[in-house]
Amino acid sequence: MVIVYQGRRLRTGDVTVRRMGEMADPIQFKDEGNKYFQAGDMDKAIEFYTKAIKGCKDKKVLAVVYRNRSACFLKKESYANAASDATKAIDVDAADVKALFRRCQALEKLGKLDMAFKDVQRCSTIEPKNKTFLETLRRLGADIQAKLKTSFSTDSRVQNMFDILLDEESDKEKREKAANNLVVLAREDAGAERIFQNNGVTLLLDLLGTGKAEMVLAAIRTFAGMCTGHKARAMAIVHMVGIDKLCSIMAVDNEDIALATSDLFQCVNDSLTGGDKRIYGKEEALVLDAAKDLRAILMALLDMLINKKVSGHGRDQALNLLSRNVPRKDKKDPDHSKTLFTIDHGLKKILKVCGQIPELPDQLPMTENTQLIASVLLNKLWDDLRCDPERDNYREVCDEYIKGKFDPNDMDKNIHAINTLSGLLQGPFEVGNQLVGRQGIMEMMVALCGSEREVDQMVAVEALIHSSTKLSRASFIITNGVSLLKDVYKKTKNVKIKIRSLVGLCKLGSAGGDDYSMRQFAEGSTEKLAKQCRKWLCNTAMDTRTRKWAIEGLAYLTQDADVKDDFVEDEPALKAMFDLAKSKDKTILYAVACTLVNCTNSYEKKEFLPELVQLAKFSKQHVPEQHPKDKKDFIQKRVKRLLKGGIISALSVMVKADNTFLTDQTKEMLSRVFLALADDPKDRGTICAHGGGKALIPLALEGTAIGKVSAAHALAKIASSSNPESAFPGERIYEVIRPLVSLLQPERDGVQNYEALLSLTNLAGLNDKLRVKILKENALPEIEQYMFEDHDHIRLAATECLCNLVTSKEVQDRYLEDGNDRLKLLVLLCAEDDEKLQRAASGALAMLTAANKKLCTKMTLVTLQWMEILQRLILHDQPQIQHRGLVIVYNMLNSDDNELAKKLIESEILEILSVIGKAIDNPKRQTVIDVARTCLITAMDLGLIKPFSTPT
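Every chain's residues receive numbers from 1 upward, in the order its sequence appears when written. Reporting in this predicted model follows two pLDDT cut-offs: at least 70 for local features of residues, and 80 or more for side-chain atom pairs to be given and counted; totals over whole chains, interfaces and linings ignore these cut-offs and use all residues. Side-chain metrics rest on all non-hydrogen atoms present in the structure, leaving aside hydrogens and water.

Participant: Could you clarify how one ought to interpret the overall build of the chain in this entry?
Facilitator: For the chain, the helix and strand inventory stands at 54 helices and two strands. In this description, contact between two residues means that some pair of their heavy atoms is separated by no more than 4.5 Å. In the chain, once contacts between residues fewer than 6 apart in sequence are set aside, the share between residues at least 24 apart is 66%. If you sum the accessible surface of the chain, you get close to 46700 Å²; carbon and sulfur atoms cover 51% of it. Numbering of helices and strands runs from the N terminus; a helix is a DSSP stretch of H or I covering at least four residues, while a strand is a stretch of E covering at least two. In these tables, accessible area is a Shrake-Rupley quantity obtained with a 1.4 Å probe, and a residue counts as shielded only by the protein chains included in the view.

Following this line, the structure appears as structure tokens:
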């Protein structure tokens, strides 16, 4: 290539480019493109063919260039561009057999077999004896026949499946098989379209009409497949089936049907809100605006919440759909109109669900999870609000609703109001806490604890538990309600009330958090409470919900270090908790996560400066005290016990839970626990062996900022000290890269930067595909930035990472670019005293100069010290560093720059090479000796030195 520099033409390769301002000859561009095509460099070939097209006015030459560029696009698997260029060549010469065949090949790859067949048919007419054309013609003919056969057979299969499903005399196994086949077919776009076009919606409605659970499930799942990723089809199905009909199906008391219908609604929502990536073109005008349908679905779901005909499972799924689709997924999105609409038209309905008490008559059907799911929805709506007026409106609606429920003459209404408050306290705590602070509310809760009705006691105790989160509230209850809770605990025979009152006492006992000096109860009281919780937890005869309350109690009590130690030593209790965490009841996840965070001390800790502590003591201010058992050696012992007890398998199951229960806060706590577990390198193998690496990936990609960073840091710890291929088998290894790159940000601490760099170094050393993935995540600029770092360890890790990346062509091209100090920095790092840093930098330089000869010359221009540094490398007493230096010398001698080679041989480097080359063979240094001898032979081949000969 010729570069214009100060009016002169400098030849740097075998490609000729005219001076700036001169009109280049399209023929020359075409010829250069041909050379690159023959050399296999398709990108360069396309570049020169494109230049030829821009300047060419001769139609025949233009056709040839288009035909040639079409061949390049075929090689690059850019089939649409290949077909387009071939068509332009055919427009000039309809008998251009090469262009016709290239278009045939491109069309075949694009799936347009009939058009490809026509092109190859024309080719075989022009050249009837060409075996390639005849073979392609035969093959395409067979493929078209097979496609037609499949198409017709699909139609008949669809009809056959419906015939079997609607035939009441068909045996059960045959009908189940037909139902499964129909669902599988609907998941493929072609199959879904066949079902839709062949009166499938009407036939599926007939299946729904049978009322049989297996038929209804098959129909709903088939509809879900047909609606996935296709806006027009989804809208048509919604209109043909009807939103009310779908809601009535979701309302039935069958968990599987309710869940399947919820999935169908989700598929419809995704397709109508952007899940359909098809380009409709002119047909886009025919696809109606989906806003009206989406609003109708939202209203229907809100109406389901207070409909007594809706089952508990149906109500849960309606709440789940609202949680997933109403709040914004990205807080940067300015449009939160769905949230405001839901608050205006549905907030009171959600509050009504929260206030339901199954033990009372005339209540809405509920499951054990309904109130918690409603609380989660309330919290998500609150978090999605953008300004104070919107939050004030939310509070006013809640306040108005609860005020309207208090009635001195109707105790059922009062406990409904208190239960609604419990729901708010489990959701948007700020709102619930403000309402609890109103005059008379706390007093009513305490008074209800002394009621004779068990349902009053249970609701009041739960409300006290949820309201005593704040220390100020806990202090009020400790003063006014502890004796009542103790009386309830001692006197009641109802286990449900007994365990709730116990949890209330547990929460009050832990109100001081991990501050050893702020214990609320007498010495030993919290241990007794914890012992009773563990006893109930291990009692498998109790129902799951009651045992769940035992974990709630431990979640509070484990803030006490004595309780933590006792709990991790109790193997049956640990196993019972982990088994419950793996069970279907996912409402337990938050309590389990809290307990584990406490046991591993992975909660956020405030660091106090010693000077400030002394000042606080001097001024008689309260200073938090650490429990002796919260020191590092005790924490490590607890971690070992948890690992032995099977914590990783439990965490792996918890991570897979639905987002309704696995909230961002829960994810953050699980991430913190994983980070604490991965602290000791000896434990990381255990974590990987039980699926911990796989479980960490989704935690590092979704959740709170702190949670994602904690999970990414845990991944970095594992990947930096384990074999990544074993820790993250299969394709998962590629998913690890993005979280690791996120730790290279300047706001992350030095340990996170360092361990992320070590992990990326390990990954970059495995294969080229991983290196490409690292570069695609834009990690290279961050890695290069840390090569300037003052911290020795971070600078070394960054240099080692770069050393493993330089085999990538993209990295090599960056080092060829002018206007930066990348190469200079690498050369200067070779002169550092740190041997590990020298080894990494010289290794990178050796590979770069081997990959691109131009870098050999550029290396001598970036710093005047290059010769001195090179001599230092080849004189090094470490064979590995010496070997790298000699490889650099060898690359420079072979760089096609005779002046550079001559300069090397005229320096002291020749003497050093001679001394090393004459050395006696030594297995420990043989590689070094061999490279030195090869350098001397190369110098002789270049005619720079002559072999020494003695007179005979």
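Participant: Even after reading the chapter, I still don't get the packing of aromatic side chains, so can you show me in this structure?
Facilitator: Any two aromatic rings considered together are summarised by their centre-to-centre distance and by the angle between their planes. Here a Phe, Tyr or Trp ring, Trp counted by its six-membered ring, pairs with any other such ring whose centre lies within 6.5 Å, and the pair is stacked when the planes are under 30 degrees apart, edge-to-face when over 60, and tilted otherwise. Counted by the stated rule, this structure contains four aromatic pairs. Between phenylalanine 101 and phenylalanine 133, the ring centres sit 5.1 Å apart and the planes meet at 50 degrees, which makes this aromatic pair tilted. Of the two residues, phenylalanine 101 is situated in helix 5 (residues 97–109) and phenylalanine 133 in helix 7 (residues 131–166); the sequence distance between them amounts to 32 residues. When accessible area is computed with a 1.4 Å probe and restricted to protein chains, residues below 20% of their type maximum are described as buried, those above 50% as exposed, and intermediate ones as partly exposed. With a relative accessible area of 6%, phenylalanine 133 lands in the buried category. Criterion for a charge above a ring: Arg CZ or Lys NZ at most 6 Å from the ring centre, at most 35 degrees from the ring normal. When the ring centre of phenylalanine 634 is taken as reference, the NZ or CZ atom of lysine 637 above it lies at 5.6 Å.

Participant: Can you walk me through helix 10 (residues 200–209) in this structure?
Facilitator: Because each turn of an α-helix spans 3.6 residues, side chains separated by three or four positions in sequence point in the same direction. The set of residues buried in helix 10 consists of Gly200, Val201, Leu203, Leu204, Leu207 and Leu208. Seen along its axis, helix 10 keeps its buried residues to an arc of 160 degrees; they face one direction. Residue glycine 211 follows helix 10 closely and has a positive phi angle near 75 degrees. Working definition: the arc comes from the directions between the helix axis and the C-beta atoms, pointing outward to the latter.

Participant: Would you explain the nonpolar core in this entry?
Facilitator: For soluble globular proteins, nonpolar side chains are generally found buried alongside one another. Formed by 258 residues in total, the largest nonpolar core has its most connected members in Tyr394, Leu537 and Ile647. For this core, the element with the most residues is helix 11 (residues 213–227), which contributes 10 residues. With 38 residues, the next largest nonpolar core counts Ala45, Cys72, Leu74 and Val120 among its residues. Only buried residues count toward a nonpolar core, which is a set of Ala, Val, Leu, Ile, Met, Phe, Trp, Tyr and Cys residues joined through side-chain atoms within 4.5 Å.

Participant: Can you help me understand the pattern of salt bridges in this one?
Facilitator: Should their charged atoms come close, side chains of opposite charge can pair. By definition, a salt bridge exists where a carboxyl oxygen of Asp or Glu is found within 4 Å of a side-chain nitrogen of Lys or Arg. On inspection of all chains with the given rule, the structure shows 47 salt bridges. Across the salt bridge formed by arginine 103 and aspartate 119, the nearest N and O atoms sit 2.8 Å from each other. Residue arginine 103 is located in helix 5, and its partner aspartate 119 is located in helix 6 (residues 113–126); the two are separated by 16 residues in the primary sequence. In this structure aspartate 119 comes out as buried when scored by relative accessible area, which is 3%. Put simply, aspartate 362 and lysine 308 hold a salt bridge, and the shortest N to O gap is 2.5 Å. Here the residue aspartate 362 occupies a position in the loop between helix 17 (337–354) and helix 18 (370–383), and lysine 308 occupies one in the loop between helix 15 (291–305) and helix 16 (312–325), the gap between them amounting to 54 residues. Its relative accessible area of 61% is what places aspartate 362 among the exposed residues. Look at lysine 308 and you get partly exposed, because its relative accessible area is 47%.

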